[in-house]
Amino acid sequence: MSIIKNDFQENLVSNDITNFEKMNITKIKKAKNIKKLTMITAYDALFAKLFEKIADMILVGDSLNMSFAGRPDTLSATLEQMIYHTNAVCAGAPQAFVILDMPFGTYINNDEALKNAVEVYAKTNAAAIKIEGGEDRAEIIKHLTSNSIAVMGHIGLMPQYVRSEGGYKVRGKTKEDEEQLIKDALAVQNAGAFAIVVEGVLSSVAKKITEAVEIPVIGIGAGNVTDGQVLVWSDMLGFFEEFKPKFVRKYLEGATLVKQAVEQYKSDVQSQAFPAKDEEY
């Protein structure tokens, strides 16, 4: 069974790479109702290279502040930090459509948002930026898109709102919230965003949001009714052990495999099995 599974996985990856098509804004928008889009996070050149010809989009998420920097939330991520990691990702995956997650506090008004977005474009090869917020950010999104900045929106459960919202809360549980989320999506679309991430929303509401807008909706914790999905790579590959959100599917027990490999390395060092004669100069 394991041999069959491995052959299947190899064929699947090979097929995805063979069919690789570099994405752009036009292709992403045209994918709606035709192709389910796949987005994954990456923070360095090594993993970005692995994902480059499989995922449609790579998001340099401010989630790195938690999974890599060990912080309790995303709020202390800086623009300098995001630019550094975006450059690493772009170096590792030069053909990927890379999106930089604008960190908390970098788009508090039109002028600040444009200044920081221009810095991102000047210092990285990012194809677009992502910002959180619906109707409350529509004016800022419009200001950015009218100045040639490609913007992906993000509504629903928004990690940068965690303190003001009093925690991570699933959205769309009331009729009023459902209506607000649809208004948010339409406002973000009308402001010029090319796509929207919808996070932590009841699937029934995510479906209505997806149907309400003409641009792709990328879900995370929003069911399979959206135009695509995004996951944090360290969650889906089982490297982040602190907790596992309900919506995450582990495709690999990464942490366990790494620990086993390092334990074997330690054992080989102690027994002098490593390095062997054929590993010497």
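Whatever comes next refers back to the structure up there.
Residues numbered from 1 in each chain as written. Predicted model: local features only at pLDDT ≥ 70, side-chain atom pairs only at ≥ 80, totals over all residues. Heavy atoms only, no water.

A. Up close: the packing of aromatic side chains. Scanning all chains against the criterion turns up 6 aromatic pairs. Each ring, one from phenylalanine 97 and one from phenylalanine 194, has its centre 5.8 Å from the other, and the planes form 70 degrees; the classification is edge-to-face. Placement of the pair is phenylalanine 97 in the loop between helix H5 (79-92) and strand E3 (98-101) and phenylalanine 194 in the loop between helix H9 (175-190) and strand E6 (195-199), with a sequence separation of 97 residues. Residue classification places phenylalanine 97 among the buried residues on the basis of a relative accessible area of 5%. Centre to centre, the rings of tyrosine 265 and phenylalanine 274 are 5.9 Å apart; their planes meet at 70 degrees, and the pair counts as edge-to-face. Clustering of aromatic rings is evident, with ring pairs tying together Phe47, Phe51, Trp233 and Phe239. (Phe/Tyr/Trp six-rings, centres within 6.5 Å; stacked < 30°, edge-to-face > 60°. Helix = DSSP H or I, 4+ residues; strand = E, 2+ residues; numbered from the N terminus. Buried < 20%, exposed > 50% of the residue type's maximum accessible area, 1.4 Å probe, protein only.)

B. Main features of the nonpolar core. In this structure, Ile129, Ile131, Leu144 and Ile209 are the most contacted members of the largest nonpolar core, which totals 58 residues. Among the elements that make up this core, the one with the highest residue count is H5 (5 residues). Setting aside anything within four residues of it in sequence, one finds isoleucine 209 in contact with Ile155, Leu181, Ile182, Ala185, Val198, Val201 and Val217. (Core = buried A, V, L, I, M, F, W, Y, C linked by side-chain atoms within 4.5 Å. Contact = heavy atoms within 4.5 Å.)

C. Structural view of a nonpolar patch on the surface. The grouping of Val258, Val262, Tyr265, Val269 and Phe274 at the surface amounts to a nonpolar patch, some 440 Å² of accessible area in total. With respect to the element layout, tyrosine 265 can be found in helix H12 (residues 254-271). For tyrosine 265, a relative accessible area of 49% corresponds to the partly exposed category. (Patch = residues over 30% accessible without salt bridge, like charges linked within 9 Å, V, L, I, M, F, W, Y side chains within 5 Å. Areas by Shrake-Rupley, 256 points an atom, 1.4 Å probe, with all protein chains shown as cover. Salt bridge = Lys/Arg side-chain N within 4 Å of Asp/Glu carboxyl O.)

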